[in-house]
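Here is what each chain is made of, one letter per residue.
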Amino acid sequence: MAYKIAKLPGDGIGPEIVEQAEKVMNAIGEKYNHEFRFEFGITGATAIDQVGNPYPEETHQLCMDADAVLFGAIGDPKFDNNPKAKVRPEQGLLEMRKRLQLFANIRPVRTFESLLDKSPLRADLVKGADFIVIRELTGGVYYGEPRGRSEDGNKAYDTTIYTRDEVVRITELAFDYARKRKKKLTAIDKANVLATSRLWRQTIQEMEKDYQDVEVEYMLVDNAAMQIIQWPTKFDVMVTENMFGDILSDESSVITGSLGMLPSASIGIHTSVFEPIHGSFPQGAGKDIANPLATVLSAAMLLESLNLVEEARKVEAAVDASMNAGVVTQDITRGKAYGTKAVGDWLANYILKS
Ligand code: IPM
Ligand code: MG
């Protein structure tokens with residue numbers, strides 16, 4: 001079968017890591033007789049430089065017409081602390097989420113035995129942690145109007161808005177994930193303070209009766225931030241609103257010591273987007289040192305979304321094998337460090353040979 005994949009490498013190390021995921025997918029294509037047609041689109045700082053827009057219409061159309069989007073990373077330090085920049089690369093990301101209606105961001109967080117000593121937490125605390133953060137991605141304070149500044153510049157405001165339907169659709173998805181896993185859902189909010197959080201909690205409470213096989217626990221976000229550090233192994237599936245999810249998903253990803261290993265999927269109404277959770281690492285760009293594994297594992301999630309389950313498992317097996325063989329980049333090696341490209345080549349070769 002032929003699949004159309006929109007390839008959006010973005011900025012910094014984006015192009016190098018996406019290239020390795022492409023190699024891996026092509027190897028899968030060869031082995032399992034699929035054709036992946038990669039079509040390139042510009043985004044982020046690169047797109048601002050070229051056409052003045054971080055998510056140009058052409059790129060949007062490319063995504064809309066594709067079966068899936070493989071995304072690298074966006075962001076460039078030249079836009080930081082630069083109040084004169086009219087448009088920032090991140091706006092492209094927000095625009096893409098909104099226009100593709102990617103209402104759910106899925107981040108699986110798991111530990112890798114060989115990386116436990118890279119965790120900022122004690123290995124015995126994180127060992128076995130395996131949970132999924134499901135973050136609402138197209139609502140809340142990121143998009144609420146009104147927002148702005150008073151005329152004298154001394155007051156600023158943002159608005160958090162959620163509708164019941166927005167809560168229902170992401171919670172349904174979260175319950176489905178929980179059903180396929182350990183059947184535990186943690187709903188995270190700030191219902192002791194925020195009206196939107198009370199709507200979230202009430203809505204999820206009403207939905208519980210339809211999912212009696214899933215245990216639901218409600219947790220305030222500050223408490224959740226603490227418990228993720230104290231007992232990371234007690235979580236299974238978490239669901240939360242946009243900004244809480246932004247913060248908790250970064251916190252969650254770093255406790256495993258595997259920031260360069262964690263993939264993500266953003267899914268919604270139109271084409272789904274798959275990307276590593278780490279950023280564009282501009283200092284590493286072009287040096288052939290970036291760890292491509294998070295992007296490769298994102299490609300595995302992509303394959304699974306196309307119902308290519310065996311193929312997805314094969315990619316994951318290749319990643320495990322490369323780690324066992326010590327064919328990994330400098331950030332996670334215990335001995336010799338391999339370059340980004342060498343890791344990609346090794347993975348592709350493993351897939352073809354095994
Ligand atoms: C993320 C990022 C973005 C967000 C930024 C870059 C706008 O932090 O994807 O988590 O806040 O959503
Ligand atoms: Mg973030």
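Residues numbered from 1 in each chain as written. Chains lettered and ligands numbered in written order. Predicted model: local features only at pLDDT ≥ 70, side-chain atom pairs only at ≥ 80, totals over all residues. Heavy atoms only, no water.

Novice: Is there a simple way to think about the domain arrangement of the protein chain in this case?
Specialist: You'll often see interface size given as the accessible area lost when the parts meet. Structurally, the protein chain comprises domain 1 (1-100 + 277-354) and domain 2 (112-269). For domain 1 and domain 2, the distance between their C-alpha centroids amounts to 24 Å. Opposite the 19 residues of domain 1 that make contact, domain 2 presents 19 residues. Roughly 1,700 Å² is buried in total at the junction of domain 1 and domain 2, and carbon and sulfur atoms are behind 62% of that figure. Where domain 1 touches domain 2, the interface holds one salt bridge. (Domains from an automatic or database assignment. Contact = heavy atoms within 4.5 Å. Buried area = accessible area lost by both parts, 1.4 Å probe. Salt bridge = Lys/Arg side-chain N within 4 Å of Asp/Glu carboxyl O.)

Novice: Please clarify how the pairing of strand β2 (residues 35-40) should be interpreted in this entry.
Specialist: The two faces of the sheet receive side chains in turn, since in a regular strand these alternate between them. When strand β1 (residues 2-10) meets β2, the two strands line up parallel, connected through six bridges. Bridge pairing links Ile5 to Phe38 in β2. Handedness of the β1-helix α1 (residues 14-32)-β2 crossover: right-handed. (Pairing = 2+ DSSP bridges. Helix = DSSP H or I, 4+ residues; strand = E, 2+ residues; numbered from the N terminus. Right-handed = clockwise from strand over helix to strand, strands pointing away.)

Novice: Is there a simple way to think about the side chain of Thr171 in this case?
Specialist: For Thr171, the position within the fold is in helix α6 (residues 164-180). Excluding residues that lie within four positions of it along the chain, Thr171 makes contacts with Ile204 and Met207.

Novice: Please explain the packing of aromatic side chains as it appears in this structure.
Specialist: Each aromatic ring pair is described using two quantities: the centre-to-centre distance and the angle formed by the ring planes. Within the structure shown, the criterion is met by five aromatic pairs. Seen in terms of ring centroids, Trp346 and Tyr350 are 5.5 Å apart; in terms of plane orientation they differ by 15 degrees. Their pairing is stacked. On the criterion of helical spacing, the pair formed by Trp346 and Tyr350 is a turn pair, its members being four residues apart in helix α12 (residues 340-353). By relative accessible area, which is 27% here, Trp346 ends up partly exposed. Stacked on the ring of Phe235, the Lys or Arg Lys234 has its end atom at 5.7 Å from the ring centre. (Phe/Tyr/Trp six-rings, centres within 6.5 Å; stacked < 30°, edge-to-face > 60°. Buried < 20%, exposed > 50% of the residue type's maximum accessible area, 1.4 Å probe, protein only. Lys NZ or Arg CZ within 6 Å of the ring centre and 35° of its normal.)

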